[in-house]
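Now for the letters of each chain:
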Amino acid sequence: MIPKRGKAYIPYGVNDVDCVLNANVLGVLASMGVPPSPEMRKIADWLLSIIDYPKCQSCAVYYPTANTLGYAIVKAWRRGSCLLEPAIPTLVDQLIKAQKSDGSWPDEMLGNGVQASLHAVNSLLEIQLKSGRDLTEFIRPGMDFLLSKMNRIDNKIWLDGGIVFSAGSMFKTKHVWESDAYTTALLLQAIVNFQIVTERKY
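These figures come from a predicted structure and were not determined experimentally.

Peer 1: With reference to specific residues and values, describe the side chain of N112.
Peer 2: Mapped onto the secondary structure, N112 falls in the loop between α4 (88-98) and α5 (113-131). When its relative accessible area of 2% is taken as the criterion, N112 is described as buried. In this structure, N112 is in contact with T65, D107, G162 and I163, ignoring residues within four places of it in sequence.

What follows is the structure in structure tokens.
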């Protein structure tokens, strides 16, 4: 059976609308050069309306890690989705306020702070690269935290996988997938972008 919006289906009940997925759609369309349509504006308006909500991450049905929605919005904006630009100052303010004294960002999922911090650091880096706003005061301690979590054996480095996806709905926090490869790829992306904004070598 193909799920239909608002119609019950097995096993989850009602077809979920995920904010991260919708932000990613806007990013893909922008990267393809698709001009804003009324439908795209509706998606953007919805995302902008929820970003101020303290529990806005709850709309990410399949992505339980903190800062995932913000990172998706920032990536879409960098790809050219001007519709999401009004969210950027709010996201910066949220990330600055949420940063912990050790440079990391918290997550409601136990032991998932590295993944939440990767999303936060990469968001700030993307914003600095596009806007020119100097955010290294907050990025640098975040990078130091992430690098302290690296595993090293011989010439290999990696991060233990954080939560990248969940079963959604009632299983959002109970059935999740982790990926060493994806988590490490986010770290490598952060290292490259940090070198660009600071010329600091690792």
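Still more to cover.
Peer 1: Residues and numbers for unusual backbone geometry, please.
Peer 2: One non-glycine residue, N67, adopts positive backbone phi at about 75 degrees. Here N67 shows up in the loop between α2 (38-50) and α3 (68-78). Unusually for a residue other than glycine, D154 sits at a positive phi of about 55 degrees. In this structure, D154 sits in the loop between β3 (151-153) and β4 (156-158). Overall, the relative accessible area of 75% leaves D154 in the exposed class.

Peer 1: Can you explain the environment of A190? Please cite residues and give values.
Peer 2: Following the sequence through the fold, A190 ends up in helix α7 (residues 180-198). Take A190: its relative accessible area is 0%, and that puts it in the buried class. Leave out the neighbours within four places in its chain, and A190 touches V121, N122, L125 and M143.

Peer 1: Tell me what's going on with the side chain of T183, and back it up with residues and numbers.
Peer 2: Along the chain, T183 falls in helix α7. Overall, T183 belongs to the buried group, its relative accessible area being 1%. With residues near it in sequence (within four places) discarded, T183 still touches Q115, L118, L159, D160, G161 and G162.

Peer 1: Any details on the packing of helix α6 (residues 136-148) against α7? Residues and values, ideally.
Peer 2: The contact between α6 and α7 brings their axes to 11 Å, and the two run at 140 degrees. The angle between the axes of α6 and α7 places the two elements in the oblique class. Note on packing geometry: the crossing formed by α6 with α7 is left-handed. Residues T136, I139, R140, M143, L146 and L147 of α6 touch α7, and the partners they reach there are L187, A190, I191, F194, V197 and T198. Grouping the constituent residues of the contact of α6 with α7 by class yields nine nonpolar, two polar and one charged.

Peer 1: So what's going on with a nonpolar patch on the surface? Which residues, and what values?
Peer 2: A cluster of nonpolar side chains, contributed by V28, M32 and V34, occupies part of the molecular surface with about 260 Å² of accessible area. Its location among the elements puts V28 in helix α1 (residues 19-31).

The rules we used
For every chain, the first residue of the written sequence is number 1, and numbering continues from 1 along that sequence. Residue-level local features of this predicted model are given only where pLDDT is at least 70; pairs of side-chain atoms are given and counted only at 80 or more, and the full residue set underlies all totals for whole chains, interfaces and linings. Note: side-chain values were computed over all heavy atoms of the structure, leaving out hydrogens and water. In DSSP terms, a helix is any run of H or I states spanning at least four residues, a strand is any run of E spanning at least two, and both are numbered starting from the N terminus. Summary of the burial criterion: residues with accessible area below 20% of their type's maximum are buried, those above 50% are exposed, and those between are partly exposed, where the area comes from a 1.4 Å probe applied to protein chains only. Here, residues are in contact when the closest pair of their heavy atoms is within 4.5 Å. All axes here are fitted lines through C-alpha atoms, helices being fitted over the stretch that makes contact, and every angle between N-to-C directions spans 0 to 180 degrees. The labels follow the angle: roughly parallel below 35 degrees, roughly antiparallel above 145, roughly perpendicular from 65 to 115, and oblique for the rest. The handedness criterion is simple: a crossing whose near helix is rotated anticlockwise from the far helix by less than a right angle is left-handed, and one whose near helix is rotated clockwise is right-handed. Classification convention: Asp, Glu, Lys, Arg as charged; Ala, Val, Leu, Ile, Met, Phe, Trp, Tyr, Cys, Pro as nonpolar; all other residues, Gly among them, as polar. Two distance rules govern patches: like charges are joined within 9 Å, and nonpolar side chains (Val, Leu, Ile, Met, Phe, Trp, Tyr) within 5 Å, applied only to residues with over 30% relative accessible area and no salt bridge. Each accessible area value is a Shrake-Rupley result obtained with a 1.4 Å probe; residue values ignore everything except the protein chains displayed when judging cover. Salt-bridge detection follows one rule: a side-chain nitrogen of Lys or Arg within 4 Å of a carboxyl oxygen of Asp or Glu.

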